[in-house]
Amino acid sequence: SLRRSTTGASSTHLLRRFYSSDSAPERKVAVLGAAGGIGQPLALLMKLNPLVSKLSLYDIAATPGVAADISHINTRSEVNGYMGEDQLGKALEGCDIVIIPAGVPRKPGMNRDDLFNINAGIVKSLCTAIAKYCPHALVNMISNPVNSTVPIAAEVFKKAGTYDEKKLFGVTMLDVVRAKTFYAEKAKVPVEGVNVPVVGGHAGITILPLFSQATPQANNLSYEDIEALTKRTQDGGTEVVVAKAGMGSATLSMAYAGAIFADACLKGLNGVPDVVECSFVQSCITELPFFASKVRLGKNGVEEVLDLGPLSDYEKQGLESLKPELKSSIEKGIKFVTES
Ligand code: NAD
Ligand code: LMR
């Protein structure tokens, strides 16, 4: 109604004022694992986000230094560092969004499921604390294997009686970021305008980019090109793990993807309309209980899980092939909590 009752020029002005940082609501964001390879650049990018008013940096080591360093940047948010479990409650209190890149990364020769034994326990204990100290926060899960850590988080929240399926997100944004980059390069279109949905999960063949829905549409790509693009997107993580040769997995591109996704969540919380990104969430669009697809973000988190839309035959095949692996990774996560 505000928009309708004003002229074009001043309504633009009002909207800009409404979304500018000085009138943006207070938002506290925590990064758990903030001293890590992803955590540090992610903390930096979140410090640059004018929608954040408090930035809470938690890790089991080295957070005082990271927090002191980042706190000198002259942007809106107040930065605080917290170290060790006895400070976790303070780090989480009052959070609107908790981003979790805590846990060990892959080395060459490992798959993401090889990280389960260590990371499942880390995620379980962090989520237990979230249920206690900020049960209403949106959770952005980055720790691998995402196909299992998201179900683990859901079960921990269910046990605590705080589960809200609208507030739990597996971060699959890096798959989207990669698909956009690889597609733009192959189709020879400017990367800034490219969009590619990526659905399914976040490991190997469970990552299903939908190049048939990519925009702008490219008519210069063959079936073989699409196959190669799909494979490269699915193996994007491994490409980085191999290139880093034992020094870990993607950190900088992941920090970028995590920051973009958290920004979308913040915009949704703040009531910005039509914020849609892909994420691994509780879902009814296939027979699997969790699935990545386009999600509309709103004031309570997930506002709508969008369905898959029309798929090519190649994508339909990919969808059927990924289901058994994704199903068993989800079940493994659920069992980790329910049978302990
Ligand atoms: P890293 O080893 O550089 O950093 C991990 C950090 O987590 C360390 O600082 C460590 O101290 C901290 N940590 C460990 N246990 C903790 C606990 N209980 N509480 C708080 N912090 C704890 O690893 P990284 O490269 O930053 O990767 C982190 C995770 O993110 C890995 O599991 C990796 O596989 C995953 N990852 C996911 C994606 C994705 O697309 N979702 C992309 C890249 C990496
Ligand atoms: C990625 O996709 O880069 C991450 O999941 C890290 C990994 O192990 O590949």
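All of these numbers come straight from a predicted model, not from anything done at the bench.

Rules behind the numbers
- Residues numbered from 1 in each chain as written.
- Chains lettered and ligands numbered in written order.
- Predicted model: local features only at pLDDT ≥ 70, side-chain atom pairs only at ≥ 80, totals over all residues.
- Axes fitted to C-alpha atoms, helices over the stretch in contact; angles between N-to-C directions.
- Helix = DSSP H or I, 4+ residues; strand = E, 2+ residues; numbered from the N terminus.
- Left-handed = near helix turned anticlockwise from the far one by under 90°.
- Contact = placed C-beta atoms within 7 Å.
- Nonpolar A, V, L, I, M, F, W, Y, C, P; charged D, E, K, R; others polar.
- Buried ≥ 20, exposed ≤ 12 C-beta atoms within 10 Å, placed from the backbone.
- UniProt positions renumbered as here; feature names shortened; annotations may be inferred.
- Near = placed C-beta within 6 Å.
- pLDDT = per-residue confidence, 0-100.

S.K.: Now, about the packing of helix 2 (residues 39–47) against helix 10 (residues 252–269): what can you tell me, with residues and values included?
M.R.: For any two helices packed against each other, one specifies the crossing angle of their axes together with the interaxial distance. The interhelical angle for the contact between helix 2 and helix 10, taken along N-to-C directions, is 35°, at an axis separation of 8 Å. Judged by the sense of rotation from one axis to the other, the crossing of helix 2 with helix 10 is right-handed. In this structure, helix 2 uses Pro41, Leu42, Leu45 and Met46 to contact helix 10, whose residues at the interface are Leu252, Ala255, Tyr256, Gly258, Ala259 and Ala262. Counted by class, the contact of helix 2 with helix 10 contains nine nonpolar, one polar and no charged residues.

S.K.: I'd like to hear about the environment of Glu239, residue by residue, with values.
M.R.: Following the sequence through the fold, Glu239 ends up in helix 9 (residues 236–244). With 13 C-beta atoms counted inside 10 Å, the residue Glu239 sits in the partly exposed group.

S.K.: Before we move on, could you go through the UniProt feature "active site" (unreviewed entry) in the protein chain and cite the residues and values that matter?
M.R.: On the UniProt side, "active site" (unreviewed entry) is annotated at positions that read His202 here. For His202, a count of 28 C-beta atoms within 10 Å gives the class buried.

S.K.: Any details on the site of ligand 2? Residues and values, ideally.
M.R.: The immediate surroundings of ligand 2 are formed by Pro105, Arg106, Arg112, Asn144, Leu174, Gly236, Gly237, Val240, Val241, Ser249 and Ala250. With four residues, the single largest contributor to the shell around ligand 2 is helix 9. Partitioning the shell around ligand 2 into residue classes produces five nonpolar, four polar and two charged.

S.K.: Describe the site of ligand 1, and please don't skip the residues or the numbers.
M.R.: Gly33, Gly36, Gly37, Ala102 and Asn144 are the nearest of the 32 residues found near ligand 1. Broken down by element, the residue count for the shell around ligand 1 peaks at three residues, all from helix 5 (residues 116–133). Looking at side-chain class alone, the shell around ligand 1 contains 18 nonpolar, 12 polar and two charged residues.

S.K.: An account of the confidence of the model for the protein chain is needed here, citing residue identities and associated values.
M.R.: Averaged over all residues, the pLDDT of the protein chain equals 95, while 94% of them reach at least 70. Interface scoring of the predicted complex returns ipTM 0.99; its pTM is 0.95.

S.K.: Describe in detail unusual backbone geometry, supporting the description with residues and values.
M.R.: Note the cis peptide between Asn144 and Pro145, where omega equals -10°. In this fold, Pro145 is placed in the loop between strand 5 (138–141) and helix 6 (146–160). In this model, Thr215 is joined to Pro216 through a cis peptide bond whose omega is -5°. Phi is positive for Ala62, which is not a glycine, with a value near 70°. Note that Ala62 resides in the loop between strand 2 (54–59) and helix 3 (63–71). Phi at Ala245 is positive, roughly 50°, even though this residue is not glycine. Tracing the chain through its elements places Ala245 in the loop between helix 9 and helix 10. A count of 9 C-beta atoms within 10 Å places Ala245 in the exposed class.

S.K.: Can you lay out the UniProt feature "binding site: substrate" (unreviewed entry) in the protein chain for me, pointing to particular residues and giving the numbers?
M.R.: What UniProt calls "binding site: substrate" (unreviewed entry) maps, in this numbering, to Arg106, Arg112, Asn144 and Arg178. When you line up the elements, Arg112 lands in the loop between strand 4 (97–100) and helix 5. Arg112 gets classed as buried once you count the C-beta atoms within 10 Å, which come to 25. Filtering out sequence-adjacent residues up to four positions away, Arg112 remains in contact with Arg106, Asn144, Pro145 and Ala203. One can find Arg178 in helix 7 (residues 173–187). When neighbours within four sequence positions are excluded, Arg178 is seen to be in contact with Thr233 and Gly236.

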